[in-house]
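Residue-level listing of the chains:
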Amino acid sequence: MLVSVLSVEITLSLAMLAWRVGLPSAHMLVATCAAIVFTIVGQLTIANWSSITFPRKMEFGRMQGQRQSGMAVLVAFGSQILMGGISAVILFSGRWTGNPWLPAEAFSFLAAAAVGGYFASLDALTELAEKKKETLIEALCR
């Protein structure tokens, strides 16, 4: 669900950008799209691990007063800072070297690695969920 919401938001943002300003150069567009894939897939992988490691019951009919566990919030915040820092270094390296395609190449490599890492982590996270089955059931059935 999150991926579909993000896809709609990114598509609408790109459409508004193209309508109001025009499309960016090809190297910036490729770098941005690859960076989006890298960041989203990387954070989804970390969020899956965090949800299993620090479970918290959510009541679907109630919107007010529901929060993740404190450690899960710290992990999510830390992963956003890490992804932003990696992205900033890559973007600035393209400017420092004078190679406009360097960020696109680096982000494409990282996006492919993140997608591969996501699918590789699914089996390990399944095993982790099996080991923590009692803890998860206890947290979700409160």
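Preceding this paragraph is the structure being described.
Below is a short write-up of the structure.

Parameters at a glance
Each chain carries its own residue numbering, running from 1 in the direction its sequence is written. Confidence filtering applies because this is a predicted model: local features only for residues at pLDDT of at least 70, side-chain atom pairs given and counted only at 80 or more, and all residues used for totals across whole chains, interfaces and linings. Water and hydrogen atoms were dropped before computing side-chain values, which therefore reflect all heavy atoms in the structure. Cavity: a set of points on a 1 Å grid over the protein atoms alone where a 1.4 Å probe fits but cannot get out. Pocket: an open set with protein on both sides within 12 Å along at least five of seven lines, its lining residues, like those of a cavity, having an atom within 4 Å of a point. Grid points are joined across faces, edges and corners, and a volume is the space filled by probe spheres set on the points. Think of it this way: any DSSP run of H or I at least four residues long counts as a helix, any run of E at least two long counts as a strand, and we number them from the N terminus. Classification used: nonpolar for Ala, Val, Leu, Ile, Met, Phe, Trp, Tyr, Cys and Pro, charged for Asp, Glu, Lys and Arg, polar for all others including Gly. Exposure above 30% relative accessible area and no salt bridge define the residues that can form patches, which grow by joining like charges within 9 Å and nonpolar side chains of Val, Leu, Ile, Met, Phe, Trp and Tyr within 5 Å. Throughout, the Shrake-Rupley method with a 1.4 Å probe supplies accessible areas, and for residues the shown protein chains are the sole cover considered. Any Lys or Arg side-chain nitrogen located within 4 Å of an Asp or Glu carboxyl oxygen qualifies as a salt bridge. Each residue gets one of three labels from its accessible area relative to the maximum for its type: buried under 20%, exposed over 50%, partly exposed in between, using a 1.4 Å probe on protein chains only. Whenever a helix is involved, its axis is fitted only over the stretch in contact; in every case the axis is a line through C-alpha atoms, and angles between N-to-C directions fall within 0 to 180 degrees. Just so you know how the angles are binned, under 35 degrees is roughly parallel, over 145 roughly antiparallel, 65 to 115 roughly perpendicular, and the rest oblique. Crossing handedness is defined as follows: a turn of the near helix away from the far one that is anticlockwise and smaller than a right angle gives a left-handed crossing, while the clockwise case is right-handed. Pairs of residues are marked as contacts when any of their non-hydrogen atoms sit within 4.5 Å.

1. What to know about the layout of surface pockets
A volume near 200 Å³ is recorded for the second largest pocket. Contributions of two or more residues to the lining of the second largest pocket are made by α1 (2–20) and α2 (26–53). It is α2 that provides the largest number of residues to the lining of the second largest pocket, a total of 5 residues. Of the residues that constitute the lining of the second largest pocket, the class distribution is 8 nonpolar, 2 polar and no charged.

2. Some points on a nonpolar patch on the surface
Together, Leu-14, Leu-17, Val-21 and Leu-23 line one region of the surface with nonpolar side chains, adding up to about 360 Å² of accessible area. By the secondary structure assignment, Val-21 is in the loop between α1 and α2. Residue classification places Val-21 among the exposed residues on the basis of a relative accessible area of 69%.

3. With respect to the packing of α2 against helix α3 (residues 70–97)
How two helices sit against one another is set out by the angle between their axes and by the gap between those axes. The contact between α2 and α3 brings their axes to 10 Å, and the two run at 155°. One way to sum up the angle between α2 and α3 is to call them roughly antiparallel. As α2 runs across α3, the sense of the crossing is right-handed. For the pair α2 and α3, contact is made by Phe-38, Thr-39, Gly-42, Gln-43, Ile-46, Trp-49 and Ser-50 and by Ala-72, Val-75, Ser-79, Gln-80, Met-83, Ile-86 and Ser-87, respectively. Each residue belonging to the contact of α2 with α3 can be placed in one class, and the counts come to 7 nonpolar, 7 polar and no charged.

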